[in-house]
Amino acid sequence: MFENLSAKLDEAIRRISGDARLTEENISEALREIRRALLDADVNFQVTKKFVDDVRQQALGRSVVGSVTPGQMIVKIIYDELVKLMGSERTEIRMAPAGPTIIMMCGLQGSGKTTHSAKLANYFKSKGRQPMLVAADTYRPAAIDQLQTLGAQIDVPVFTLPGENPVAIAEKSILEARRSGRNIIIIDTAGRLTIDEEMMDEVARIKDRTKPNEILFVVDAMIGQDAVTTAKAFHDRLDFDGVILTKLDGDTRGGAALSISSVVSRPIKFVGTGEKIEALEPFYPDRMASRILGMGDVVSLVEKAQEQFDEEQAKKLEEKFRRNQFTLDDFYEQIQQIKKMGSVRDLIGMLPGMDRALKGVDIDERAFTRLEAIITSMTKEERRQPEIINGSRRKRIASGSGTKIEDVNRLMKQFDEMRKQMRVLMGGKMKSMMRGIGLPSMGRRR
Ligand SMILES: Nc1nc2c(ncn2[C@@H]2O[C@H](COP(=O)(O)OP(=O)(O)OP(=O)(O)O)[C@@H](O)[C@H]2O)c(=O)[nH]1
Ligand SMILES: [Mg+2]
């Protein structure tokens, strides 16, 4: 599975693994290859573009820490972005709070709906549930037979009503489930070769009448780009809840797996990996990313180095506060770190005492930009020895940074406050708190 993509990503990464630093140049070179690898794997164009842009931004914004090599760092960044692309976290099937859970399968002909209805039934049965299969594909007599054969194999009842239409069968199956004490209903619907109105109407009516807890879009991973187009069409009409990606055992290039959930904003919930009834796996974005990248050891190595680095940084900072050596340079550095971490407001809220220490600081990105402008307009000496910043220096700094003298005054006051508060706060909580601000966090965000 995904051998080709894995091999090409590996190659792209290998190119910079010998370099001593991550530079704009070597990152760009690697990214060109990564872009090609993704497009070759049939990953959607827009998805590829965004992926590459995100990796670039992450790579440029991050310093390589400790003994980690640039190659290893890039692996970790790509891994994180792959996980994100595939939805970040495992999403379970939504169960009905009371009464039977209704799951409706939809998708094109031959995508694997019938097979995966049975696989799911088997999966739930192994979890101690009582599933029931519903044959709502009445167009081919063989379709009902197929489901009945599969049902018999796993000893799960199959409900159907000869001569009735799919909507009626689906609706009546709910009564039957209640009557016979089945708590999961899996409705197998008919597929067509391409999306047509009639088919969409029918599944939409089944949806209206049965109000499924979960609509699963079943799609064959082998159809590449078309998977995305089809997913969109089904999603527009049915607003499905999740995806089952089938035939991942085939020589799929992987594009569908990597594009689909970001294009329709719905998670892949299961993957099918064979014709056998057991060939169903819950989908985990992180495990899939490891499989694609095949460098799990590198990823955890970088995570460890990162944690250690964070701790060292925190210690250093603590020491500076203790000795009152915390300078405006450090302050600037901290702003950079905080900015890398995303939502500043959330972050500050999480740190004990921090909201107090930064009281009055406008916590939005614009405020940070202003602080940055002011600090960069100072001389090296001023940053290191803020005490020397007198009235005339303040005036010069304000005009140099395009701010007002009050802005500079406020910053100086805040900085003083912060130094004082930090010394007061230098208790046990300090270390964990500074670890919080001090890190260009990587592993932590997931
Ligand atoms: N290798 C492999 N084959 C699969 C997988 N899932 C389904 N198949 C095969 O794909 C073919 C079509 O599967 P079905 O489950 O009948 O597909 P369907 O969506 O119900 O098709 P229609 O009812 O005709 O719309 C069958 O031969 C299955 O055995 C899978 O994960 N891996
Ligand atoms: Mg079928």
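Structure report, in brief. If you're wondering where the values come from, they're calculated on a predicted model, not measured in any experiment.

1. Observations concerning the overall build of the protein chain
Right, so step 1: Along the protein chain, the regular secondary structure elements total 20 helices and eight strands.
Right, so step 2: The contacts of the protein chain with a sequence gap of at least 6 include a subset with a gap of at least 24, amounting to 76%.

2. Some words on the nonpolar core
Right, so step 1: By size, the foremost hydrophobic cluster in this structure holds 93 residues, and its most contacted members are Leu133, Val134, Ile185, Ile186, Ile187 and Leu245.
Right, so step 2: Take this core: its biggest share by element is nine residues, from helix H4 (residues 70–85).
Right, so step 3: Shared between two domains, this core takes at least three residues from each, and those domains are domain 1 (3–85) and domain 2 (101–289).
Right, so step 4: Sequence-distant contacts of Leu245, that is, excluding residues within four places in its chain, are made with Val219, Ala221, Ala256, Ala257, Ile268 and Val271.

3. Details of the environment of Gln153
Right, so step 1: Assignment of secondary structure puts Gln153 in helix H6 (residues 141–154).
Right, so step 2: The spacing of Gln153 and Asn122 is 31 residues in sequence and 9.5 Å in space, taken between C-alpha atoms.

4. Details of the packing of helix H7 (residues 166–180) against helix H8 (residues 197–210)
Right, so step 1: Contact geometry of H7 with H8 gives a least axis separation of 9 Å together with a crossing angle of 25°. By the criterion of interaxial angle, the relationship of H7 to H8 is roughly parallel. Here the hand of the crossing between H7 and H8 comes out right-handed. Contacts between H7 and H8 involve Pro166, Val167, Ala170, Glu171 and Ile174 on the former and, on the latter, Glu202, Arg205, Ile206, Arg209 and Thr210.
Right, so step 2: Considered class by class, the residues forming the contact of H7 with H8 number five nonpolar, one polar and four charged.

5. Thoughts on the sheet that holds strand E5 (residues 214–220)
Right, so step 1: Spatial ordering of the open sheet is given by E3-E2-E4-E1-E5-E6-E7-E8, a layout of eight strands whose pairing is mixed. The two strands at the open ends of the sheet, each matched to only one other strand, are strand E3 (158–159) and strand E8 (280–282).
Right, so step 2: Pairing between strand E2 (residues 131–136) and E3: two bridges, direction parallel. Counterpart to Leu133 in the pairing with E3 is Val158.
Right, so step 3: Across the sheet, H6 is in contact with E2, E3 and strand E4 (184–189); its angle to E2 comes to roughly 165°.
Right, so step 4: Running over the sheet, H8 touches strand E1 (101–106), E2, E4 and E5 and is turned about 175° from E1.

6. Considering H7
Right, so step 1: Taking 1.5 Å of rise per residue, the 15 residues of H7 would be expected to cover 21 Å, and the 20 Å separating its terminal C-alpha atoms lies within 8% of that figure.
Right, so step 2: Residues of H7 that are buried make contact with E1, E2, E3, E4 and H8.

7. Looking at the pairing of E4
Right, so step 1: The element E4 is largely enclosed, with a buried count of six among its six residues.
Right, so step 2: Neither face of E4 is exposed, since Ile184, Ile186 and Asp188 on one face and Ile185, Ile187 and Thr189 on the opposite face are all buried.
Right, so step 3: Sheet topology places E1 next to E4; four bridges connect them, and they run parallel. The residue of E4 that forms the bridge with Ile102 is Ile185.
Right, so step 4: Sheet topology note: the E2/E4 ladder contains six bridges and is parallel. When the sheet's bridge partners are listed, Leu133 is paired in E4 with Ile186.

8. Observations concerning unusual backbone geometry
Right, so step 1: In this structure, Asp42 is a non-glycine residue whose phi angle is positive, near 75°.
Right, so step 2: Looking at where Asp42 falls in the secondary structure, it is placed in the loop between helix H2 (24–40) and helix H3 (45–61).
Right, so step 3: The class of Asp42 is buried, set by 24 C-beta atoms lying within 10 Å.
Right, so step 4: With a phi angle near 50°, Ser265 is a residue other than glycine that sits in the positive phi range.
Right, so step 5: Relative to the helices and strands, Ser265 resides in the loop between helix H10 (255–264) and strand E7 (268–272).

9. Details of the site of ligand 1
Right, so step 1: Surveying the vicinity of ligand 1 reveals 20 residues, the closest of which are Gly112, Thr114, Thr115, Gly191 and Gly272.
Right, so step 2: Among the elements that take part in the shell around ligand 1, helix H5 (residues 113–126) stands out by supplying three residues, more than any other.

10. Quick notes on the packing of helix H9 (residues 225–238) against H10
Right, so step 1: Interhelical geometry of H9 versus H10 gives an angle of 25° and a closest axis separation of 9 Å. As summarised for this structure, H9 and H10 are arranged roughly parallel, according to the angle between their axes. In terms of crossing hand, the pair formed by H9 and H10 is right-handed. Here H9 contributes Gln225, Ala227, Val228, Ala231, Lys232 and His235 to the contact with H10, which in turn contributes Gly255, Ala256, Ser259, Ile260, Val263 and Val264.

What counts, and where the lines are drawn
- Residues numbered from 1 in each chain as written.
- Chains lettered and ligands numbered in written order.
- Predicted model: local features only at pLDDT ≥ 70, side-chain atom pairs only at ≥ 80, totals over all residues.
- Helix = DSSP H or I, 4+ residues; strand = E, 2+ residues; numbered from the N terminus.
- Contact = placed C-beta atoms within 7 Å.
- Core = buried A, V, L, I, M, F, W, Y, C linked by C-beta atoms within 7 Å.
- Buried ≥ 20, exposed ≤ 12 C-beta atoms within 10 Å, placed from the backbone.
- Domains from an automatic or database assignment.
- Axes fitted to C-alpha atoms, helices over the stretch in contact; angles between N-to-C directions.
- Parallel < 35°, antiparallel > 145°, perpendicular 65-115°, else oblique.
- Left-handed = near helix turned anticlockwise from the far one by under 90°.
- Nonpolar A, V, L, I, M, F, W, Y, C, P; charged D, E, K, R; others polar.
- Pairing = 2+ DSSP bridges.
- Expected span 1.5 Å × (residues − 1).
- Near = placed C-beta within 6 Å.

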